[in-house]
Every structure is written in structure tokens, then in C-alpha cells.
Amino acid sequence: MSAFSSTVALFSKDVRSELRTRYALNALLMFVVTAVATILFALRSDVPSPTVLSGMYWVVVFFTAMSSLSRIFVSEEERGTTMTLQLVASPSTVYFGKLFFNTALTVSLTLAVTVLYTLVFSEFFIIRTASIFFVTVFLGSLGFASAATILAAIVAKANTRGTLYPVLSFPILIVLLMTVMNATARALEGEAFSEAMGDFQILVGYILAMTGGSYMLFDYVWKD
Amino acid sequence: MSAFSSTVALFSKDVRSELRTRYALNALLMFVVTAVATILFALRSDVPSPTVLSGMYWVVVFFTAMSSLSRIFVSEEERGTTMTLQLVASPSTVYFGKLFFNTALTVSLTLAVTVLYTLVFSEFFIIRTASIFFVTVFLGSLGFASAATILAAIVAKANTRGTLYPVLSFPILIVLLMTVMNATARALEGEAFSEAMGDFQILVGYILAMTGGSYMLFDYVWKD
Amino acid sequence: MKFVKYGSLGIISIVVLAGLGIPLSPSPQGWLEFPIIPGLEDKARNLFFHVPMAWTSVLAFLVSTYFGFRYLRTKEIDYDLKSVSAAGLGLLFCILATVTGALWARFNWGSFWNWDPRQTSIFILLLIYGAYFALRSAIESEEKRASLSAVYSIIGGLTAPFFIFVMPRMMAGLHPGAKGDPSGKGPLFEAKMLAPNMRVLFYLSLIGFTLLFIWMLQMRIRTARLDYESSLEQS
Amino acid sequence: MNQITLTVSGLSKEFNRRMIFRNVSFTISTGEALALTGKNGSGKSTLIKILSGVLTPFKGNVVFTVNGARIGPDDIKSAIGLVSPYLQLYDEFTGLENLLVLSSIRSNGSIRAGRAEALLDRFGLAARQHDLVRGYSSGMKQRLKYAFALLHAPGVLLLDEPTSNLDAEGIEVVRQVVREQQKTGVLILATNDEDEAAWCSRRFQVA
Amino acid sequence: MNQITLTVSGLSKEFNRRMIFRNVSFTISTGEALALTGKNGSGKSTLIKILSGVLTPFKGNVVFTVNGARIGPDDIKSAIGLVSPYLQLYDEFTGLENLLVLSSIRSNGSIRAGRAEALLDRFGLAARQHDLVRGYSSGMKQRLKYAFALLHAPGVLLLDEPTSNLDAEGIEVVRQVVREQQKTGVLILATNDEDEAAWCSRRFQVA
Ligand code: HEM
Ligand SMILES: Nc1ncnc2c1ncn2[C@@H]1O[C@H](COP(=O)(O)OP(=O)(O)OP(=O)(O)O)[C@@H](O)[C@H]1O
Ligand SMILES: Nc1ncnc2c1ncn2[C@@H]1O[C@H](COP(=O)(O)OP(=O)(O)OP(=O)(O)O)[C@@H](O)[C@H]1O
Ligand SMILES: [Mg+2]
Ligand SMILES: [Mg+2]
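Since the structure is predicted, the reported quantities are computational estimates derived from the model, not experimental observations.

(A) Summary view of the overall build of chain D. Of the regular secondary structure elements, chain D holds six helices and nine strands. The globule rule puts the C-alpha radius of gyration for 207 residues at 17 Å, and the 17 Å found for chain D is close to it. The principal-axis extents of the C-alpha atoms in chain D amount to approximately 45 × 35 × 35 Å. Residue burial in chain D is summarised as follows: out of 207 residues, 59% are buried. In chain D, 72% of the contacts between residues at least 6 apart in sequence involve partners at least 24 apart. Carbon and sulfur atoms provide 48% of the accessible area of chain D, an area that totals close to 8,300 Å². Side chains of chain D give 24 positive and 20 negative charges; the mean places of these two sets differ by 8 Å.

Here it is as C-alpha cells:
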């Protein structure tokens, strides 16, 4: 119970810190607008197909996530507060606190992108099977957050060791991206919910593998 | 002369530091590979037109640049070495040193994207007028770097950094983006070199305006 | 300045009344009838609102940049207050222009948004304003905030000539006068089409909105100063 | 009163195959104070980091007992307080917020209402407790670190370069803290300064 | 020998409308040493930053002259050396690389071959000059800052908390440096320590 309340306390510290200094919501929103606009620009003259649209949807999410999710550890490391956290919290508290934060960030991010997409591409971006869409977005956000959190922890330290970890981590993210793009395209094409079960299984498996693996490996990454 | 050698010294310091930590190179590789793979996946079923291809080319360059060009100032600021640099170098030395570094980074970035594109989209991405393409890529890289450098200096002093950077950059870079996308499409469509002269004039004008403006304004950004 | 306040309110009331009230007729007689412009009809009335709003938002940007520049020169925080105040109004007018333009476009060109060059440039202006405020909110130190946002708005201003001259070259436009439009000038500005009375009202409207901007700017600067002083007392 | 014992046995640490210290052993209990001394770069800070649990030793181990019962790695966090030059607090929070936030993260770290304020007052930060740490001077940051370290009344207090950045008045407060800690628990300090080392009843020369 | 004069007139500085100091004026010339004293948070470091040119004052100005000729802002860089807690060197370079890289960036900063090594040796870092600064202890970093500050034999040496993190041997070297600097140029140090202030011929109480 007390471990849980620590985790919540860490989470709320990050939220406050975010609200205080980074105004992530502000910048994140502008970022999403920017990303959508850029893609809109690149596609200007074409009528995008569901595959392209769902691809672009997740590309925007991916870029936004990658540019903001890693901050969570990098900022602790760069400001030298890692040790302060180590003094007050156990590694699992840190891991779950950061994971929750990243999940919350990704979920709000996908919501923002969804709203923007429905506004901007009102003619093409029509969610025909809402159930598939929302399950995909939710599982996708979780998946992103779980992969991004451990990667962020590694990247924060990798800087000091000069490793190629981030590059090695690609395959990991690509699997996730392909699956969510696939499922989103199904939702746009109006397939039945049951058709997407395969994708969902992959996503759930992915999330479990990522969080489980991260949880076990986190100690090694976190402690010097 | 001595100002020039200082600039070169600063540039080579940044290059060495980068080779040692690989922070920017890692991020660069990660973004390029993922972005190209995602786009490949998103376009799976379609035959992309030259406009779309040139659009995607520069979107990848834009987002990748956004994830790495700001490091040049952000890392000095975060490690607290800004003051050390202020003690040894004049603002113009710093500005030009960083500008050269960012230019070098952008040029290698466009080269990497070009190679990847010709490999991955071998059927569609055929550079029919190489002269236009290479001049565009070169001037485009310079233009990106010239705007990105002063914005990086601004962002380094703010709190949001990661997400704020593309937000600030996009409106400034959009003219550049449109021009290079246009010129790249010409190269892919095989137009004559003279057709692209108008675009090149715009690019040169943009580069001059940005570097000139940045040079004059840099003092205000750099000093506390 | 009383003149600015009553002048702007008076002129805008005239523009609203006359712009919306004067009837259209196929063969206008004298000053109290507007000509019917083929393809625009009643929608032409939006000219009196949409265009001045767009103009004001651009003007506000220039004013904000100018005060930013003065701030950098003098480091007097008052210029920063002026600069933000102008930028805030600019954002407001920019949104208004976009909305009126989009509505106009919906009924004239068929959809709210077509990436016409002017639409694109107003969109960029919106993004610049958005980025400007995002930047400001990310800096705590007053002095830093003032100088960095001033630098940003100057850099943004440097790109303006490019999107004024480049954008129309790059893309086919729907706005009258754009690339590929045979008539060159738009129907409204072709001497034959834009009747003298419309013309007068249009320029009157430009003046009215400019005065309105000046009046609102003065008020905002005054409240910004008061806010600043009250926060001075608190600390 | 609790009887706290800290037993260090056979600690060694190396960085990149450079041996920093080898086979360090000592025991220290409530009522004692230990000064770690040694030249710059001898390994005092490294030893302090190992004792506080943020660095793992190459060989050997550190055992805490309270009244004879060994404390597990999770509870150690509420038994240790650390002040050191490489510890940083959050720039974007005020002094008071830093204390409250960090103590809420510490498991079972609930503190008596008013304790944080009282500590800030003791270290002369009362007037600046609502200012962001970003704007603190070096001495003010050091004072805040003391408030953070003492917040949960730790049994073991580790001080690395205890008086750095402090003015005469600040040093006086630290001296009091050191005296009090020796009564209720264990104190270990790492220092380059002969005067500070003399505050302690025992001394250990690192390397 | 050059006659260096530093004239400070009417300096004021405020942060977010909090006045730190007001109307500070003094003149100091070759052969003199000035100690800035004051409590934690009084503004010593802020004043040092303004003197070294990295912070702009709110009002007032700082003028350097060498043999009566005023030095422009670009040449000031080669006339000033600074040691302070908030100065950081590059973690990813070795001690020696830091010195060489930074002196090559300084305009007309070419130094005699061997000077960097000699300085590192003087500050006891010779054996570790090829190790990354990341792995330096706090005292070793402080020693490296001295080597960096003295590299170009600056006319004006600014020291903020000069002996922090140093051991007895390190303090002795600093004492020598202070003595030498007073002969050939100007020395200003900011300190909380009465003993250190006593090294200087003059004293200025900040706020
Ligand atoms: C900086 C921004 C803008 C400026 C300076 C501007 C200026 C103008 C001007 C001067 C005209 C009258 C042209 C003529 O008939 O001679 C006009 C017409 C029009 N504008 Fe804009 N405009 C801007 C943005 C927009 C936007 C954002 C939209 C829509 C989303 C829009 C939609 C229209 C429409 C539908 C017309 C009527 C065109 C016609 O006569 O068929 N404008 N605008
Ligand atoms: N960037 C800043 N923003 C806001 N306030 C600041 C900033 N830098 C310094 N201050 C404030 O200015 C005052 C003087 O700070 P300074 O660091 O000069 O003190 P100092 O005399 O060096 O103290 P110490 O002995 O602790 O080093 C302090 O009250 C501090 O809070
Ligand atoms: N992360 C690291 N990587 C490599 N070497 C390290 C690292 N941390 C410390 N060292 C080395 O370990 C040795 C001991 O460092 P430590 O910081 O413990 O010294 P110290 O006794 O605290 O010195 P000081 O009095 O200067 O603070 C030094 O030689 C240092 O270079
Ligand atoms: Mg130490
Ligand atoms: Mg100080």
C-alpha cells in the first residue's frame, strides 16, 4: 500500500513539475497541430486512403511521443536529481511512477490527435468501427508508454556510455507501430470487431512482455 | 582571422564531443529509420506520386532535424557549460560554430535519408535531374540549419525544449519546406535545371535573411 | 484618446449598418444600392469584415515586433508589455479573420479550407502567434521572456516577405488575383465590379478596424501595466 | 531510544578497473560520529555513496540494524539522510515544495505537519521558502539540502563536505546538527577540513 | 609589467524585481586583492558574474583598462580568469582535452606548448590528465577549474569560494596562486570564510 502511495506521489510530482515548468500540454498541443499540418502539407493534393491515414495518425503519435516521453528520465539525469530520487524511492516505485506518467501523456496525446484528425480530415477520417478504434488507441498508448519508458531510462544513461541502444530498440517499436496501424486501418474500413482480435492479442502480449521485462530489468538500468 | 580559427575550434570541439557521446547521431538514426519504415508501411498499397514522395522526404528531414538540431545549445545549457563558453568565446564565434555544426549535421542527415530512400523506394524515387536535386538538398540543409540554430538557442533558455522546438520552428521553416518540396518534385519529374532557378533564388534569399537576422539577434539570446 | 474610441466605434457601426443594410440591385442607382456581383451576391458583404480583420491581425503582428525590437534596444519592460498586448490582439483578430474567411469559403468555394495561398499564410500567422505564446509561457524570468519572445517575433517577421511573395507562386489559389486567375485582380477590385460606394465603405472599414485596434491596444496596455504594478506590490 | 548499528565489511570499489579502496571495514553505533578523511580523489564520496545505497560496492557489504534487527533495502531509505555536493533538488519547485514532494514519495514518509517549515526556519530559509530553488544562491541550496536530509529524522546522517558554500552562521547551525545527531543516532561525515574532522569522535582515513 | 585597472561604477542588479545590490562602486588596480564578503545569498556570486561579463548588470558598468587603454568586450575574454562553483567543464573530455579545447576556442588564445600539462601538474592532476572529467572527484574538478582559469595568465583573476572541495594540499596551492596573482595583476575573491578574506589587502561587504 505504501509503495502504491509513493508511486502516486511520484506521479503527481511529475505532473506538477510538468505543469509548472514545461507546459507540456501547451507545447504538445502546438506540436500535434504542427505535425498534422506538416503531413497535410505533404499530402496536399492527394485523397488519402485509410491505410495512409492510419499510417499518418500513428506517425504523428510516434514522433510526438518520442520527443516528449524520454524527457521523464533524461531531465532527472541531466539535472542531477537521479540520486535524490534514488534516495527516497525504490526502483519499482520509480518505474511505475514514470510509466503511469508516460501512459497519461500518451493517452492525452492520442485523444488530441484523434480530435484534430476528425476536424481536419473530416471527409476521409471516418471511424467506421468505433470499438476497434478506441481499443486500439488505448492499447496502443499503453504499448507506446511501456516501450518508451524503459527506452527513456536507457537513453538517459546511454548518453554517458555512448552505446547504440536506441538504434537497437527500433525493431521493438516497429512491431508495435505496424500492429496499431493495421488495426486502425481496419477501424477506418469498417471491419467487424472480431477481425481485429488478432491485432489486439499481439498488442496485449506486447504490453505484458514490455512491462514485465522492463520491471525486471529496471534495477540494472536505474542504479549505477 | 583569429575569430575564424576560434569558430573552427568550437566546431571541432562539438564534433569530437558528438563522436564521443553520439547523442545526436543516435537520435538521428533512430528517427530516420523509423520514419522511413513507417512511411513505407503507410504507403504500402499506393503508388506514390513525385509530390507525395518529395513531401515525405522533407517531412522526414524536418522531424529528424527537430529531434537533433536543438541539442547543440540545449546540452550546453543543461550541463551548465554555457558560462564556460561565454568566458572563452564571443557570441559571434559561438553562433557561427554552432551554425556550422548544425549545417554539417543536416547535410549528413539529408544524405542518409537520400540513400535510404533510393534503397527503399527504388521503384519510385528516381532522381531524374540530379543537378536540381543536389543543389536543393544542399541549399535546403543550409536553410534548415540557419533557422534551426537561432531557434535552438532560444529553446535552450526555455523550459519546454523537446516539444517547443518544433512548435517554434515549423512556422518559420514552412516557407523553406514548401520551396524545397517544390524543387525536389521538379528533380523527380526531370525538369530542366533552369526551371528551378526561381526556387533557388528563394532559398538563397531565405538563408541570407536567416543568418543575417540571427547574427544580429544572437547576442540578446545568448547572454543572460 | 476619446477620438480613437468614439471614432472607431462610430465608423464600425456605420460599416455594420451600411454593409449589412444597403440593398443589392442588378443595376445600382446612386449611392444607396450595391451592385450584384455574379457568384458572390449577398456574400460580398463579408468583404467589409473579413479583409479588415485580416489586415488588423497583420498590423498587430508588425506593431508587436516593433515593440519587441524597442525592448531589445532599451531593456525597458514597458515595451514588452506593449508587445504582448499587441500580440494578444493580433491573435484575436487572426482567429476572427480565419473564421469569417472559412465561413465565406464554405459558401463560395465549397469547403471551409482549401490551402489557398492566403489561407496558408494566415494559418502560418496563427501558428506564429501560437508559438509566440507557447514560448512565453515556458520562460519564468521576466527579462528572458521579454527578450526571447522579441527575438522570436523578429525572426518570424523575417519570413513574412517570403510567404507573401513565395506562397502565391507555389500554389494555385482560389483568392481572386492568385496564380492562374485570368482576371488578375479579383472581381471585387476590378473597377467595374467594386462600385464606388462599396469601395468607400471598404476603406472606411479598414480605417475603423485600425482605430478599433489602436483603442483596444491602449486599453490592454493600461491593464497590463496595472497587473504588472500590482504584482510588484505583492512581491 | 533506538540502538542503530551500521556494519561495513570488506568493501572494495573500482571504477574502470582502477581500484579506489580495498577492504574497508568498520562498525559504528548510536552515539558515535565518524569522520572520513583523505586527499582529494581518495574515495570519500564514493564510500558515502555506497553507504547511502546509491552506488553498489564491487565487493563487501553494508548492514544496518536497529535494535539488533536488520533493515531491508526498502526501509533503508527512511533511515538515511544525505547532504552532499552531487545531490540536487528540483529547480522548478520552491524550497518548501521540494521537501513536501520528496517526503511524500518516500515510502511511509509522512511527516508531522509543520516540520518542513520548522526545518526551513532553522536553516534561515523561512523568508525564501516560497521562492523557486532555481534562484537560490549556492549557500541557500546547501541549507535546503540539510532540511531535506533531516526531514524524516534519519537514524544515520551522512554528510559529504558539510560546510561547503555556507557562511559563518550556516556553519554554526551545522555544528549543532552534528552534535544532536551524535546523541540520537549515527553520524558519518566526509571532509577535507581538519576542524570538521575534529567534530567527530572517530576517524577513518580513506586510502 | 602591465598596469591593469578595473573600475566598477554604480552597479545594481535585480532578479525578477528583487533588488540584490544597489550602486556598487570600487576601483582596483594591479597589486591589489579584494575580498567580497557577505552572508549566503547576499549577492557575491552575482557580482562576480557581472565582473566576468557573463551577466549584464541592471544599471552601472564595469571598465577594464590596461596601461590606461580601455579593453573592448572581445579582448576581455583573454584578460579574465574565473573559478567558481557554477562553472562546469566538459564531462566527456579528459582534463587535458578540456584545457586545450577551451584555449583553442579563445580568440588569440594560443598557449605555449606544455603550459596546460605544467598547470595540471601544479594542481596535482598530472596522473589523471587523460581521464574523463566525468570521473573526477569534486576536489579534482575544482583543481581543474584553476588550471583552466590560469591557462592564459589572465590579468584579472576572479575566485568564487576559492577553497571549496579542496584538501589541505590543494588549499596551499591556491594560496600560492593568490599571492602570485597579487603581484602581477588583480585578484578578486568572494568568500564566506574569514581566513580567506584575510588573504586580501582590501575588503568589500556586499549588501
Ligand atoms: C491574411 C489573410 C487574408 C487576406 C489578406 C484576405 C484578403 C482577401 C481579399 C482582399 C479579398 C477580396 C478579393 C477580391 O475579390 O478582390 C478576399 C476574398 C475572399 N477571401 Fe480572403 N483573405 C485572407 C484570408 C482568407 C481566409 C483564411 C479565407 C477562408 C478560409 C478567405 C476566404 C475568402 C473568400 C471566400 C473570398 C471571396 C473571394 C471571391 O471573391 O470569390 N480569405 N480575401
Ligand atoms: N537566476 C536567478 N534568479 C532569481 N534569483 C537569483 C538568481 N540568481 C541569484 N538570485 C538571487 O540573488 C541573490 C544573490 O545570489 P548570489 O548567488 O549572488 O549569492 P551569494 O552571495 O553568492 O551567496 P552564497 O554565499 O550562498 O554563494 C540570492 O537571493 C538569490 O536567490
Ligand atoms: N563515475 C566515476 N567514474 C570513474 N571514476 C570515478 C567515478 N567516480 C569517482 N571516480 C574516481 O574515484 C576516485 C574517488 O572519487 P571520490 O569522489 O570518492 O573522491 P573524494 O575522496 O570524495 O574526493 P574529494 O575530496 O575531491 O571530494 C577518484 O579518483 C575519482 O576519479
Ligand atoms: Mg568528494
Ligand atoms: Mg555564491
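(B) Highlighting the interface of chain D and chain E. If you look at the interface, chain D gives 18 residues, while chain E gives 18 residues. Of the roughly 1,500 Å² buried between chain D and chain E on both sides combined, carbon and sulfur atoms contribute 36%. A per-residue breakdown of the area chain D buries against chain E is headed by Arg18, Asn40 and Asp167 of chain D, which together make up 33% of the total. Across the contact surface, chain D and chain E share four salt bridges. In this structure, the salt-bridge partner of Lys39 of chain E is Glu169 of chain D, at a minimum N-O distance of 3.5 Å. Between the two partners, chain D and chain E, sit 15 residue pairs in polar contact (both at pLDDT 80 or more).

(C) Representation of the relation of the copies chain D and chain E in the model. In the superposition of chain D on chain E (RMSD 0.1 Å, axial shift 0.0 Å), the rotation amounts to 179 degrees. Here the two chains are linked by the operation of a two-fold rotation axis. Proximity to the rotation axis, assessed at the C-alpha, singles out Ser164 of chain D in chain D; its C-alpha lies 2.9 Å from the axis. Residue by residue, 100% of the interface of chain D is reproduced at the interface of chain E, so both copies engage with the same surface.

(D) Spotlight on the site of ligand 2. For ligand 2, the set of nearby residues contains 19 residues, the closest of which are Gly135, Ser138 and Gly139 of chain D together with Ser45 and Thr46 of chain E. Residues near ligand 2 are shared among chains D and E, making this a multi-chain site. Ser137 of chain D places a side-chain nitrogen or oxygen 2.7 Å from an oxygen atom of ligand 2. Here an oxygen atom of ligand 2 sits 2.5 Å away from a polar atom, N or O, in the side chain of Ser45 of chain E. Within the complex, the protein chains bury 86% of what would otherwise be the 630 Å² of accessible surface of ligand 2. When contributions to the shell around ligand 2 are tallied by element, the ones reaching two or more residues are α4 (138–150) of chain D together with α1 (44–51) of chain E. Taken together, the residues that form the shell around ligand 2 break down as four nonpolar, eleven polar and four charged.

Definitions and limits used
Residues numbered from 1 in each chain as written. Chains lettered and ligands numbered in written order. Predicted model: local features only at pLDDT ≥ 70, side-chain atom pairs only at ≥ 80, totals over all residues. Heavy atoms only, no water. Helix = DSSP H or I, 4+ residues; strand = E, 2+ residues; numbered from the N terminus. Rg over C-alpha atoms; globule rule 2.2 N^0.38 Å. Buried < 20%, exposed > 50% of the residue type's maximum accessible area, 1.4 Å probe, protein only. Contact = heavy atoms within 4.5 Å. Areas by Shrake-Rupley, 256 points an atom, 1.4 Å probe, with all protein chains shown as cover. Lys, Arg positive; Asp, Glu negative; His and termini not counted. Charge placed at Lys NZ, Arg CZ, Asp CG, Glu CD. Buried area = accessible area lost by both parts, 1.4 Å probe. Salt bridge = Lys/Arg side-chain N within 4 Å of Asp/Glu carboxyl O. Polar contact = N/O pair within 3.5 Å; in protein donor to acceptor, adjacent residues only side chain to side chain. Least-squares fit on C-alpha atoms with pLDDT ≥ 70 in both. Near = heavy atom within 4 Å. Nonpolar A, V, L, I, M, F, W, Y, C, P; charged D, E, K, R; others polar.

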